[in-house]
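Close look at the chain arrangement
If you want the building blocks of each chain, they are given just below.
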Amino acid sequence: MSGRTVELEVLRYDPDQDDAPKFQTYTVPYREDWVVLDAINYVKDELDRTLSYRWSCHMAVCGSCGMLINGEPSLSCHTFLRDCPDKIRIEPLQNFPVERDLVVVMDDFIDKLGSVKPYVVAKEEKDVDEGEYLQTPAELAQYKQYTACINCLLCYSACPQYALNDSFVGPAALALAHRYNLDSRDIGRSAREEVVASNPGIWECSFVGACSEVCPKAVDPAAAIQQTKIASTADYFMKFLMPWKHK
Amino acid sequence: MSRRPYIRELSRTGWWLKQPRYVRYMAREMTALFIGLYVLILMAGLFALSKGEAAYAEFLESADGLVGLTFAVITMIFAIYHTFTWFQVTPKAMPLVIGGKRVPGAIIVGAHWAGFAVVSVALWLLAGGQT
């Protein structure tokens, strides 16, 4: 053990006692192979068991441990101490109400996600006995990138449009809508349009691109939204060019 | 135990100063102001041209001054920045799949610059090809 330590400045908020959040500093041991989540777990286990935060898998799969690490929306299980300065500021994800300490209220996202029907809307429902809805590898490749979303909300936390206007449907929900629209087994695109192609949908996005920069799974929500804009614009003009297709 | 979620205030005007990526974004958005003003000046030039030779000569003289030239240079820098950032993001908006394989982003960006060069040369030739 080296004896080296790092300082964690953690934003604390207790709704029963505090009027506003305040920073509390903890000194934790430095380990070469530790991520920020390990350091927070050390605080919880050894220094202060009142600290609240979400985590589960510790391997960038569950999407629970998103927080601001030195101002950057990050998964704390995916950010090594060795890549951070000796003083690390940890805050709850911005653009969401703070429930307690590092735990945010994510109801708004859950509602928006549901509103874009993030599931396969099949042409005909089949019984399980009738087998799978088949798809070729090429058809899978069309949308596979967007299936990697783990709903970690880093993209919402990075998005200034969502920060300024919380009616914006937002990056992850729109990327998942795009994922299902591109799926050969799905016919739900027109049903999703009401939400997706509305002003608070894709048109609220001004292509800042921050969502894609912070995405830990390379989903690239900004790309999904721009592609949806192009498809939606094409729909609009096709209505005039081929009205018989849009009765 | 009570629920009392705290909403952290965001500066409505200063938010974009907090992160370099937001500053870059705002710079890209700002390019529209300069290019818009430049278009207005061009239109004023056209209007002067329609008024006759004397009016046009007066317009040219006023646009040639230090202020006019400085503005033109700044606008050109912003226009190049806008073009650069726009072309950089084209692979996101228009991904291409040829023969089952995704075309690398650099090729899509390169094709845009090539198209830009062709159109620029064509316009230059159309305008008489003079330097």
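Analysis parameters
Residues numbered from 1 in each chain as written. Chains lettered and ligands numbered in written order. Predicted model: local features only at pLDDT ≥ 70, side-chain atom pairs only at ≥ 80, totals over all residues. Helix = DSSP H or I, 4+ residues; strand = E, 2+ residues; numbered from the N terminus. Rg over C-alpha atoms; globule rule 2.2 N^0.38 Å. Buried ≥ 20, exposed ≤ 12 C-beta atoms within 10 Å, placed from the backbone. Contact = placed C-beta atoms within 7 Å. Pairing = 2+ DSSP bridges. Axes fitted to C-alpha atoms, helices over the stretch in contact; angles between N-to-C directions. Core = buried A, V, L, I, M, F, W, Y, C linked by C-beta atoms within 7 Å. Domains from an automatic or database assignment. Expected span 1.5 Å × (residues − 1). Arc of directions from axis to C-beta. Nonpolar A, V, L, I, M, F, W, Y, C, P; charged D, E, K, R; others polar. Parallel < 35°, antiparallel > 145°, perpendicular 65-115°, else oblique. Left-handed = near helix turned anticlockwise from the far one by under 90°.

Looking at the overall build of chain A
Assigned secondary structure in chain A consists of nine helices and seven strands. Seen along its three principal axes, the alpha-carbon backbone of chain A occupies a region of about 75 × 40 × 30 Å.

Observations concerning the overall build of chain B
For chain B, the count of helices and strands is four helices and two strands. Listing every helix and strand of chain B by position from the N terminus yields α-α-α-β-β-α. On C-alpha atoms alone, chain B measures out to a radius of gyration of 22 Å, which is more than a quarter above the 14 Å that the 2.2 N^0.38 rule sets for 131 residues. Seen through its C-alpha atoms, chain B measures out along the principal axes to roughly 80 × 50 × 25 Å. Out of the 131 residues belonging to chain B, those deemed buried represent 2%. The long-range share in chain B, meaning contacts at least 24 apart out of those at least 6 apart in sequence, stands at 40%.

What to know about the interface of chain B and chain A
With 19 residues of chain B at the interface, the matching set in chain A holds 25 residues. Elements represented by at least two residues in the side of chain B that touches chain A include exactly helix 1 (20-51) and helix 3 (66-93) of chain B.

Digging into the sheet that holds strand 5 (residues 87-91) of chain A
All names here are of chain A. If you walk across this open sheet you meet the five strands as 2-1-5-3-4, and the pairing is mixed. What marks the edges here is a single partner per strand, and that holds for strand 2 (22-29) and strand 4 (72-75). Adjacent strand axes in the sheet meet at a mean angle of 35° when their direction is disregarded. Examined bridge by bridge, strand 1 (residues 5-12) and strand 5 share four bridges and lie parallel to one another. Opposite Leu8, over in strand 5, you have Ile88 as the bridge partner.

A few points about the nonpolar core
Residue and element names in this part refer to chain A. Judged by nonpolar contacts, the single largest core of 61 residues is most densely connected at Leu8, Cys155, Cys159, Leu174, Ala175, Leu176 and Cys211. Looking at this core element by element, the count peaks at seven residues for helix 6 (residues 171-181). Residue contributions to this core reach at least three from each of two domains, namely domain 1 (5-104) and domain 2 (107-245).

Remarks on helix 1 (residues 36-47) of chain A
All names here are of chain A. Its 12 residues place the ends of helix 1 15 Å apart at the C-alpha level, agreeing with the 16 Å of an ideal helix rising 1.5 Å per residue. Among the residues of helix 1, those classed as buried are Val36, Ala39, Ile40 and Val43. Down the axis of helix 1, the smallest arc covering the buried residues is 100°, so these residues share one side. Seen from the open side of helix 1, the exposed residues pointing more than 90 degrees away from its buried face are Asp45 and Glu46. Summarising the contacts, the buried residues of helix 1 are in contact with strand 1, strand 2, strand 3 (66-69) and strand 5.

A word on the domain arrangement of chain A
Residues and elements named next belong to chain A. The domains assigned to chain A are domain 1 (5-104) and domain 2 (107-245). Measuring from the centre of the C-alpha atoms in domain 1 to the corresponding centre in domain 2 gives 31 Å. Contact residues are listed per partner, giving 14 residues for domain 1 and 12 residues for domain 2. Elements supplying a minimum of two residues to the side of domain 1 that touches domain 2: strand 3 and strand 4. Of the residues belonging to the side of domain 1 that touches domain 2, the class tally is seven nonpolar, six polar and one charged.

Examining the packing of helix 3 of chain B against helix 4 (residues 105-126) of chain B
Residue and element names in this part refer to chain B. Following both chains from N to C, one finds helix 3 and helix 4 inclined at 135°, their axes separated by 8 Å at the closest point. In terms of axis orientation, helix 3 runs oblique to helix 4. In the packing of helix 3 onto helix 4, the handedness of the crossing is right-handed. Along its contact with helix 3, which presents Phe87, Gln88, Thr90 and Pro91, the element helix 4 presents Gly105, Ile108, Val109, His112 and Trp113. Considering only residue class, the contact of helix 3 with helix 4 consists of five nonpolar, four polar and no charged.

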